[in-house]
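Structural overview
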Amino acid sequence: MSATLDPAEINRFDALAARWWDPHGPMRALHRLGPTRMQFVRDTATVHFKIGETGLTPLVGLTALDIGCGAGLVAEPLARLGATVTAIDPADESIRVAAAHAEGQGLAIAYRAVRAEDLVVEGQSFDLVTCLEVVEHIPDPRAFLTVAAKLLRPGGLMIVSTLNRTLKSYALGIVAAEYVLRWAPVGAHQWDRFITPEELTGHLAAAGLGRAALKGMVYSPWSDTWTLSEVDFDINYFATAAKPVT
């Protein structure tokens, strides 16, 4: 184990690679989150980059990096929004499944089985960096986000989403999701790795990014949907921060 990678986490998700795209399988929770996550990414990016034309492909001209991409549940929508997408994950089998799925969809996505540190060494940088439902699987999220921030160009935007460390998130995110409803693999989450908004905004600031903005995601069991919230961060939430222009 290193500060930015837990091999047990990688092996757990890699073993499920073939089922990432099954909306009723072990990644069901991510599929249900998908529309709300991508609505937020789209709207936030268009505002930040001052994009006036918001048609089907508003992110044309932007480079995007999805860190911890799994089999591509975020990378593919980013590509459909017009971004030039690089997506990375240290799980080899997940990357293989992701690349095959994207090819079948006619999407050009640069999938790589590498870590963020490798791209830093290569001197790469991107307009937009997304890291959605990833940091709660990292031993040292501050160290990880410090690396990720190095991959943002000045003026670029980082979007992170994760689980808050509350009793409510333990009840829904672990007990209900993993053991009762089977929306996620049993053992997929460790509650002590969930991150409070105060901790996450502190990590982003320590990484050299500007003041983070927060947005919550709220689940409705009646409609089985997620919606955005300005005030409720009890379970899932976003933090967005920009890299200062020097």
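Keep in mind that this is a model prediction, so the values were computed, not measured. (Residues numbered from 1 in each chain as written. Predicted model: local features only at pLDDT ≥ 70, side-chain atom pairs only at ≥ 80, totals over all residues. Heavy atoms only, no water.)

Let's shift gears to the packing of helix α6 (residues 141-149) against helix α8 (residues 197-206). At a minimum axis separation of 8 Å, α6 and α8 run at an interaxial angle of 45°. One element, α6, and the other, α8, form an angle in the oblique class. Relative to α8, the crossing made by α6 is right-handed. Between α6 and α8, the contacting residues are P141, R142 and L145 on the first element and L200, G202, H203, L204 and A206 on the second. A breakdown of the residues in the contact of α6 with α8 according to their chemical character gives 5 nonpolar, 2 polar and 1 charged. (Axes fitted to C-alpha atoms, helices over the stretch in contact; angles between N-to-C directions. Helix = DSSP H or I, 4+ residues; strand = E, 2+ residues; numbered from the N terminus. Parallel < 35°, antiparallel > 145°, perpendicular 65-115°, else oblique. Left-handed = near helix turned anticlockwise from the far one by under 90°. Contact = heavy atoms within 4.5 Å. Nonpolar A, V, L, I, M, F, W, Y, C, P; charged D, E, K, R; others polar.)

The next thing to look at is the sheet that holds strand β2 (residues 84-88). Spatially, the 8 strands line up as an open sheet ordered β3-β2-β1-β4-β5-β8-β6-β7, and their pairing is mixed. Looking at the sheet topology across the chains shown, the edges are occupied by β3 (110-112) and β7 (225-229). Sheet twist, expressed as the mean angle between neighbouring strand axes with direction ignored, is 20°. In terms of strand pairing, β2 meets β3 through 3 bridges, oriented parallel. What sits directly across from A87, in β3, is Y111. (Pairing = 2+ DSSP bridges.)

Below, the discussion takes up the pairing of strand β4 (residues 126-132). Counting buried positions along β4 yields 7 of 7 residues, so the element is predominantly enclosed. Relative to β4, strand β1 (residues 63-67) runs parallel, the two being bridged by 3 bridges. Its bridge partner being in β4, D66 is matched across the sheet by T130. Sheet topology places β4 next to strand β5 (residues 152-163); 6 bridges connect them, and they run parallel. Bridging across to β5, L128 finds its partner in L157. With α6 bridging β4 and its parallel neighbour β5, the resulting β-α-β unit is right-handed. (Buried < 20%, exposed > 50% of the residue type's maximum accessible area, 1.4 Å probe, protein only. Right-handed = clockwise from strand over helix to strand, strands pointing away.)

Another aspect to go through is the nonpolar core. Core analysis: the largest hydrophobic core is formed by 45 residues, its most contacted members being W20, L78, V85, I109, Y111 and I159. Counting only elements with at least two residues in this core, the list comes to α2 (28-48), α3 (75-80), β2, α4 (92-104), β4, β5 and β6 (213-220). Looking at which element gives the most residues to this core, the answer is α2, with 6 residues. What I159 contacts, discounting residues up to four positions off in sequence, is F40, V41, T44, L128, V129, T130, C131, L132, F238, A239 and T240. Residues L65, L119, A149 and A241 belong to the second largest nonpolar core, which totals 31 residues. (Core = buried A, V, L, I, M, F, W, Y, C linked by side-chain atoms within 4.5 Å.)

So, about α4. Here α4 is 13 residues long and its end C-alpha atoms lie 19 Å apart, about the 18 Å a rise of 1.5 Å per residue gives. Taken as a whole, α4 has its buried residues at S94, I95, V97, A98 and A102. Mapping the buried residues of α4 onto a view down its axis gives an arc of 165°, with all of them on the same face. In α4, the exposed positions angled more than 90 degrees off the buried face are occupied by D92, E103 and G104. Remark: G106 follows α4 within two positions and exhibits a positive phi of approximately 70°. (Expected span 1.5 Å × (residues − 1). Arc of directions from axis to C-beta.)

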